[in-house]
Amino acid sequence: MRNTFFAFAVILLTVVFAVGQNEQAPIVEKEINYKNWTYKSVRTGEDTNLRDLTVGKRLVIVVYYAPWCGNWRFDAPMLQRFYDKYKSAGLEIVAVGEYDPVASMQNNLTFMKVTFPAVYESENRTDKQKTKHYDYRRSTGDTRGWGSPWYIFLQPSLMEKTGDTLTKKTFVINGEMIEAEGEKFIREKLGLPAIDAKSATAKNGEVEVCDPADKKTSELKKP
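Residues numbered from 1 in each chain as written. Predicted model: local features only at pLDDT ≥ 70, side-chain atom pairs only at ≥ 80, totals over all residues. Heavy atoms only, no water.

### As for the overall build of the protein chain
Helix and strand counts for the protein chain come out as six helices and 10 strands. The buried share of the protein chain, reckoned over its 223 residues, is 49%. Across the protein chain, contacts joining residues at least 24 apart in sequence account for 77% of those joining residues at least 6 apart. Looking at the protein chain as shown, the accessible area adds up to about 11,700 Å², and 53% of this sits on carbon and sulfur atoms. (Helix = DSSP H or I, 4+ residues; strand = E, 2+ residues; numbered from the N terminus. Buried < 20%, exposed > 50% of the residue type's maximum accessible area, 1.4 Å probe, protein only. Contact = heavy atoms within 4.5 Å. Areas by Shrake-Rupley, 256 points an atom, 1.4 Å probe, with all protein chains shown as cover.)

If you want it as structure tokens, here you go:
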């Protein structure tokens, strides 16, 4: 009986993890009028300005996420690995929290052991269609309901030097990052030599994991 229960648990976890990565998407270049922002830090509540974060960097990854999203929980550890590996080479990563209270965002960062900067744009799921996050991803063809995670890549050397607009054309990901493709892109933009990596194929899922009504994406509790 115990062996049967264990086997069932393993199968259940396998299914959950498989479903959780059904929104991988490629890095694509899009026209987008992406503007500078100043948001509050999730950790300290202090103002964080995006243009200031780009100073002295070669590549900045802005990733929008919802703490309760299963897709984010897959990407967060990968991004932390990239941050640890490449921050000394000029990489910056900043996460923009959406659609959940700040306390939940704080718990999520602690649980996921995320150390890169994190700010928040919204605190309520009812604000989904009122955020710049929603506008940006819709403008780049992202048709997902919640759009977590969603990525935009900024190269400070190519950004607008003045004004509110940072870029009018850059690379985005309308979904989860494909790890091998992401690392290849990061190394290229940082001017590092290419490394051998097995090519990854994007998976097109029919069900979006980031459904706040889904029990599998319930709020993380503080450890």
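### Things to note about the pattern of salt bridges
Taken as a whole and judged by the stated rule, the model has nine salt bridges. Among the ionic pairs, Asp-142 bridges to Arg-144, the shortest N-O distance being 2.8 Å. By relative accessible area, which is 2% here, Asp-142 ends up buried. By relative accessible area, which is 10% here, Arg-144 ends up buried. Connected through salt bridges with shared partners, the residues Glu-23, Arg-137, Asp-142 and Arg-144 form a single ionic network. (Salt bridge = Lys/Arg side-chain N within 4 Å of Asp/Glu carboxyl O.)

### Remarks on the sheet that holds strand β6 (residues 91-97)
Pairing is mixed across the open sheet formed by eight strands, whose spatial order is β2-β9-β8-β5-β6-β7-β3-β4. Strands at the two margins of the open sheet, each flanked by one partner only, are β2 (28-35) and β4 (47-49). Across this sheet, the average inter-strand angle for adjacent strands is 40 degrees, counted without regard to direction. One ladder, built from three bridges, connects β6 with strand β7 (residues 118-120); its direction is parallel. If you follow Val-96 over to β7, its bridge partner there is Val-119. Packing of helix α3 (residues 70-86) onto the sheet brings it into contact with β5 (59-65), β6 and β8 (150-154), and relative to β6 it is tilted by some 155 degrees. (Pairing = 2+ DSSP bridges. Axes fitted to C-alpha atoms, helices over the stretch in contact; angles between N-to-C directions.)

### Quick look at the pairing of strand β9 (residues 165-173)
Where burial is concerned, most of β9 is hidden: seven out of the nine residues are buried. Both β2 and β9 contribute to a ladder of six bridges, which runs antiparallel. Across the sheet, residue Glu-29 finds its bridge partner in β9, namely Phe-171. Examined bridge by bridge, β8 and β9 share three bridges and lie antiparallel to one another. Residue pairing in the sheet places Ile-152 in a bridge with Val-172 of β9.

### Some details on the nonpolar core
By size, the foremost hydrophobic cluster in this structure holds 40 residues, and its most contacted members are Trp-72, Leu-79, Leu-91, Tyr-151 and Phe-153. In terms of residues, this core owes the most to one element, α3, which gives seven residues. Listed in part, the 19 residues of the second largest apolar core include Tyr-34, Val-60, Val-62 and Val-172. (Core = buried A, V, L, I, M, F, W, Y, C linked by side-chain atoms within 4.5 Å.)

### What to know about helix α6 (residues 179-189)
Inspection of α6 places Gly-182, Glu-183, Phe-185, Ile-186, Arg-187 and Lys-189 among the buried residues, and these make up the whole buried set. Looking one or two residues beyond α6, the residue adopting positive phi is Gly-191, at roughly 75 degrees.

### What to know about the side chain of Ser-41
Tracing the backbone shows Ser-41 in strand β3 (residues 38-41). Within the structure, Ser-41 has its side chain in polar contact with the backbone nitrogen of Arg-43 (distance 3.2 Å). Setting aside anything within four residues of it in sequence, one finds Ser-41 in contact with Glu-46, Thr-48, Ala-118, Val-119 and Tyr-120. (Polar contact = N/O pair within 3.5 Å; in protein donor to acceptor, adjacent residues only side chain to side chain.)

### Side note on the packing of aromatic side chains
Tallied over the entire structure, the rule returns 12 aromatic pairs. Between Trp-37 and Tyr-39 the ring centres are 4.7 Å apart and the planes differ by 15 degrees, which places this aromatic pair in the stacked class. The class for Tyr-39 is buried, based on a relative accessible area of 14%. Chaining the aromatic ring pairs together yields one cluster made of Tyr-34, Tyr-64, Tyr-136 and Trp-150. (Phe/Tyr/Trp six-rings, centres within 6.5 Å; stacked < 30°, edge-to-face > 60°.)

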